[in-house]
Every structure is written in C-alpha cells, then in structure tokens.
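Listed below, chain by chain, are the residues.
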Amino acid sequence: MTSGPFLTRRRLLQGGLGLAVAGAAGTSLTACGSDSSATPAGWTEVTFSSVGDPTTQKMFKEMIAAAQKESLDEHKIKIVWKPAPGDDWASVMLQFASGTTADLQRIDDDRVYDLATNGKILQLDKMISDKSTGFDLSKYSPTFTTKVAVEGYQFSITPGMSANALYYNKKLFADAGLTAPTSWADAWSWDEFDAAVKKLTKKNGSRTDTYGLQYAVNTVQATAYGAGDTALNENQTECGYGKPETLEAIDKQISYIREGHAPTVDVEFLPLFNAGKLAMTWQAMDISPQISPDVDWDVMPWPKTPLFAMTKNYSRTWVIPKTAKDPQAAFLAMKALCGKAASEVMAKAQFAVPALTEVAESAAFTDHPRPKTANVWAETLGDVDGKPVDVPFPRGPIGTALADSFVEGTNANNLMSGKLATADFIKRGRAAVNAEIKKRNWNGSKGKELLEKGGALTDPDLKVTDK
C-alpha cells in the first residue's frame, strides 16, 4: 500500500477492527470469479479467500487444484475459491467485523494479533500438534511457528514468506570489479559493503548519475538487530535501540542518502533500476516480474551491521475465523495448502519462499532463470551460526507503536529525506514507544492477558513452540 510518496506495506487504518470497518473500500476482484463447480454430495465445503491481483488469484486456484489431488479428495473436502470483495485488507477486516469471512482466510500478518485478541480467529495449537491430523513441524522452517505467533500461541499458519534481500545489477558489479556474496553466511562486512556502495555510485559534480544503493526505512530494524540491539528489552517495559552501536550503524546507513550514494525515499526506485542507474535495491520477491528483461540481476544478502546480517521478511499468512462452518475441515484444507503439491505451485510462482523445507530446496523454487542464488531468499527462513536471519520483531500494540515510530510517519520520513539527524530520529522514536508502554502499563505478560480477556485461548496451556 502507498501513502503519499512514501511506500508502506502496513495497514492504512489502525486501531483494530472498528476503524477497519469505517474505512473498508476497494475495487472488486470478483471478475476473476470463484469455483463454480458444485460440491459433491457428502463432501465438506471449505471456502478460501484472499486479496490479490489476477496473477495471484490464478496461483491460488492452482494451489487449490494441487491440494485437492494430493490429499483433499481423499478426505472428501472441497476448497471453494472466493476472491476477497476489495483490493486491500480493510475489506477483509470488514468481513471479520460482520462475521462474513471465508472458512479459511488469508490476512495481513500485522493484523493477526488484533484478530486473536478480539476473539475473531481460532487458536490452532491443538490442531497443529495432533499426532494423526496435525503437522510434522520438523519438515518446516523454524519461522513456520514463530514468525506470526501471538504471545507464543498459534492463531495462523504461514505457508511462505516473501523474502527481503538486495537485488543487484550484475553488469554494474562486473564493471566495478565486484563479486556479490551468495549466502547469508558470507555476507559482506559493514566496511566491505560501504566500500562497494561508494564504488558503485557514479557522480557528475553534485549530481548522482548512478546510485550505489536504495533501501526502505524498515531496513533500520535489520540494521539495529545486526548491531546487536533489540526493539524492546526482555520484559517489554522499555524501548530498545539505545546502544551506541545502533546509532552508529543506522547513521552510517543514512549517510548514503545525505552523501548522494542513495536516493531519498520519494524517488521511484524501479525506473532507476530498470535504466541501469541503480546498482542495489532492497526489495521483496514480488518486485521480480517488474524488473526489465534487459537488466541482468540477482539477489544478495544485506550486510553485517556490523555483527550480524539480518533482514525483515513479509509473511503470507492464513487464519481460520471463528465463524468457519467446519473448523476441522478448514484446518485440513489449510494443511493441504501447506503440503508439497501446493507449495510447489507457490515456489514456481516465486510468490514466497515455501515454509516446507524440501520444496524451498527443490528445483520448483531454485530452477528459474533468475535469481541464480534463490538460496539467498530461502536462507532467510532459517538461522546462520545460530542466529535467525529474519528479525524477530515484536507484535501487538507495542509492535505497532514501534512501527509507527520508526518505520512510518513524520519521524521516519524526515530521516529518509535527510531532514532529520539519526540521533534525533532514535530519540523521538524511543520516546514515542516508551510513552505507549507507560500508557498501557505494558510488560511481557500483558499480551496473554489480552488473549484471555478476548476469549481467544481455548488451550491456554498448549504451545507448539514449547515442544
């Protein structure tokens, strides 16, 4: 989603279900249709819905067909595709508020916490851990159960994640005599990356003809964690990002904008990259189809900043609403859509890195003209030297406050446009988060209290993440 010239993937509307109802709007996607074939007598019908452009909807239909053939026909469960009535998550939240969602619903991962604490979606720990019908979690990446967990409980499934990495122009690298790292284990040091950015930048007086780097503001999260910091202290009673190393690392990154090695955030990166005027750009997987066929590109890891090389991925997340007609059938449909056949469809479409490890490592994901180093995407779902590559960012109301203070709004925009000093950016962001913590009297136990208050926990003593 976009707001003005500044790119943001998070909610247009904040504050939970009520505001989402007020703002629900969008262009109907029903032109792509739904599954019109009748559900056979004696079978259980499970409706599945998501927002998405025609290409994404086609992929979902193919995933459904693959899941049906692999396992669901045997269980006499039929998934019926129902495209969402709008083109953004606000339209889906309207359905949650009115109780009209599908039995299985794709949703923005940033909204799972609100849906759980408001008692709108099912806790899934018991179903996931069931020995006969649940998941063999050893076959899935670690992030499968941790990325969108709500205070350690499972209210969603993440069959794949759109990995964020650096896309780079191979010709510009070759011209500069640079060889990109091909694994997160071999990520450049901060100093190596710094030298490369400056070498790749081409200036004509005060004008930059070719930029060495472009990045979004949420990379500061990866940079801070890579400096050994965290967003919150252990008990969630104080904002992190207070280490001197964090200030030094983020300021080094922002200096690329100040010094003309990177464009300000209001400059469109895609025309620059497609024109060969941008050497590296930090993007998610869905940008690949928009890159000009004339550009020879690949992907590489974000650098160590300076201790660890980390990123911030985007989850592809599904939930089972409490209004589902047959929750067990909806769960089996969900499981089938995370199976090998459906995951291979997702892999071939490069929609996300499949959480099912064997598919993420298979030709279905790796055998594409580009990128040659698809492992750079896949590795973001795991660990390197015992450290997760994907930032374990806090969720819930304080997670929202962190994003609002450090990634969106005036504070972040002023940093990325070169109008605000890094020290002031961190100071103002920390002050805003700490004010929210104080306002809510927040600590590490408050999240579970919200779940209990909302009637969300059907199995409060069961967490698959503890197994």
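- As annotated in an unreviewed UniProt entry, the protein chain is ABC-type glycerol-3-phosphate transport system substrate-binding protein from Actinopolymorpha pittospori.
- Its UniProt record, at the heading Sequence similarities (unreviewed entry), says of the protein chain: "Belongs to the bacterial solute-binding protein 1 family."
- Word for word, the UniProt comment on the protein chain under Subcellular location (unreviewed entry) is "Cell envelope".

**Describing the overall build of the protein chain**
Okay, so step 1: When helices and strands are tallied, the protein chain shows 20 helices and 15 strands.
Okay, so step 2: The C-alpha radius of gyration computed for the protein chain amounts to 22 Å, which stays within 12% of the reference 23 Å derived for 467 residues, consistent with globular compactness.
Okay, so step 3: When its C-alpha atoms are laid out on the principal axes, the protein chain stretches across 75 × 50 × 40 Å.
Okay, so step 4: Looking at the 467 residues of the protein chain, the share that counts as buried comes to 56%.
Okay, so step 5: Look at the contacts in the protein chain between residues 6 or more apart in sequence, and 77% of them connect residues 24 or more apart.
Okay, so step 6: Taken as a whole, the protein chain presents about 19200 Å² of accessible surface, with 50% of it coming from carbon and sulfur.
Okay, so step 7: Of the side chains in the protein chain, 51 bear a positive and 55 a negative charge, and the two mean positions are spaced by 2 Å.

**Things to note about the environment of G444**
Okay, so step 1: Along the chain, the position of G444 falls in the loop between α19 (422-440) and α20 (446-453).
Okay, so step 2: For G444 and G99, which are 345 residues apart along the polypeptide, the C-alpha to C-alpha distance reads 31 Å.

**Concerning the sheet that holds strand β6 (residues 157-162)**
Okay, so step 1: One open sheet accounts for 6 strands, arranged β4-β3-β5-β12-β6-β13; its pairing is mixed. This sheet does not close on itself; its edge strands, each paired only once, are β4 (77-81) and β13 (353-354).
Okay, so step 2: Strands β3 (44-49), β4, β5 (104-107) and β12 (314-319) of the sheet are contacted by helix α2 (residues 54-75), whose axis makes an angle of about 170° with β4.

**Examining the environment of S49**
Okay, so step 1: Among the secondary structure elements, S49 is positioned in strand β3.
Okay, so step 2: As a C-alpha pair, S49 and P306 span 257 residues in sequence and 42 Å in three-dimensional space.
Okay, so step 3: Not counting the four nearest positions on each side in its chain, S49 is found in contact with W81, K82, P83, A84, A102, L104, Q105 and R106.

**Some points on the packing of α2 against helix α13 (residues 340-349)**
Okay, so step 1: At a minimum axis separation of 7 Å, α2 and α13 run at an interaxial angle of 155°. For the element pair α2 / α13, the angle class is roughly antiparallel. Considering only the axes of α2 and α13, their crossing is right-handed. For the pair formed by α2 and α13, the contact residues are M59, E62, M63, A66, A67 and E70 on the first element and K340, A341, A342, V345, M346 and A349 on the second.
Okay, so step 2: Looking at the contact of α2 with α13 residue by residue, the class counts come to 9 nonpolar, no polar and 3 charged.

**Description of the pairing of β5**
Okay, so step 1: Neither face of β5 is open: one carries L104 and R106, the other Q105 and I107, and all of them are buried.
Okay, so step 2: Note that β3 and β5 share 2 bridges and pair parallel. Across the sheet, F48 pairs through a bridge with L104, a residue of β5.
Okay, so step 3: One ladder, built from 3 bridges, connects β5 with β12; its direction is antiparallel. What sits directly across from Q105, in β12, is V319.

**Quick word on the sheet that holds strand β7 (residues 165-169)**
Okay, so step 1: The antiparallel open sheet is built from 3 strands, whose spatial order is β10-β7-β11. The strands lining the two open edges of the sheet, one partner per strand, are β10 (280-283) and β11 (297-300). Sheet twist, expressed as the mean angle between neighbouring strand axes with direction ignored, is 30°.
Okay, so step 2: Bridging between β7 and β11 involves 4 bridges; their strand directions are antiparallel. Paired with L166 across the two strands is M300, which belongs to β11.

**What to know about the nonpolar core**
Okay, so step 1: Ranked by internal contacts, the top residues of the largest apolar core, which has 147 residues, are F155, M280 and L337.
Okay, so step 2: With 8 residues, helix α12 (residues 327-337) is the largest single contributor of residues to this core.
Okay, so step 3: Leaving out residues up to four positions away in the same chain, F155 has contacts with V112, A116, I121, L122, Q123, L124, V150, V319, L451, A456 and L457.

**Considering the environment of A149**
Okay, so step 1: In this fold, A149 is placed in the loop between α6 (143-146) and β6.
Okay, so step 2: Each C-alpha atom of the pair A149 and R395 lies 8.6 Å from the other, and the pair is 246 residues apart in sequence.
Okay, so step 3: In this view, A149 contacts Q154 and R395; residues no more than four positions away in its chain are not counted.

**Points about the packing of aromatic side chains**
Okay, so step 1: One pass over the structure, following the stated rule, counts 22 aromatic pairs.
Okay, so step 2: Aromatic pair F48 and W318: ring centres 5.3 Å apart, planes at 65°, arrangement edge-to-face. Placement of F48 in strand β3 and of W318 in strand β12 is noted, with a sequence separation of 270 residues between them. For the residue pair F48 and W318, the accessibility class agrees, reading buried in each case.
Okay, so step 3: Here Y140 and F144 contribute two aromatic rings whose centre-to-centre distance is 4.4 Å and whose plane-to-plane angle is 15°, an arrangement assigned as stacked.
Okay, so step 4: Note on Y140: relative accessible area 12%, which makes it buried.
Okay, so step 5: You can call F144 buried: its relative accessible area is 4%.
Okay, so step 6: Clustering of aromatic rings is evident, with ring pairs tying together F48, F60, W81, W318 and F351.
Okay, so step 7: Taking NZ or CZ as reference, K387 lies 4.5 Å from the ring centre of F308, over its face.
Okay, so step 8: Across from the ring centre of Y153, 4.7 Å away, lies the NZ or CZ of K463, which sits over that ring.

What counts and what doesn't
- Residues numbered from 1 in each chain as written.
- Predicted model: local features only at pLDDT ≥ 70, side-chain atom pairs only at ≥ 80, totals over all residues.
- Heavy atoms only, no water.
- UniProt positions renumbered as here; feature names shortened; annotations may be inferred.
- Helix = DSSP H or I, 4+ residues; strand = E, 2+ residues; numbered from the N terminus.
- Rg over C-alpha atoms; globule rule 2.2 N^0.38 Å.
- Buried < 20%, exposed > 50% of the residue type's maximum accessible area, 1.4 Å probe, protein only.
- Contact = heavy atoms within 4.5 Å.
- Areas by Shrake-Rupley, 256 points an atom, 1.4 Å probe, with all protein chains shown as cover.
- Lys, Arg positive; Asp, Glu negative; His and termini not counted.
- Charge placed at Lys NZ, Arg CZ, Asp CG, Glu CD.
- Pairing = 2+ DSSP bridges.
- Axes fitted to C-alpha atoms, helices over the stretch in contact; angles between N-to-C directions.
- Parallel < 35°, antiparallel > 145°, perpendicular 65-115°, else oblique.
- Left-handed = near helix turned anticlockwise from the far one by under 90°.
- Nonpolar A, V, L, I, M, F, W, Y, C, P; charged D, E, K, R; others polar.
- Core = buried A, V, L, I, M, F, W, Y, C linked by side-chain atoms within 4.5 Å.
- Phe/Tyr/Trp six-rings, centres within 6.5 Å; stacked < 30°, edge-to-face > 60°.
- Lys NZ or Arg CZ within 6 Å of the ring centre and 35° of its normal.

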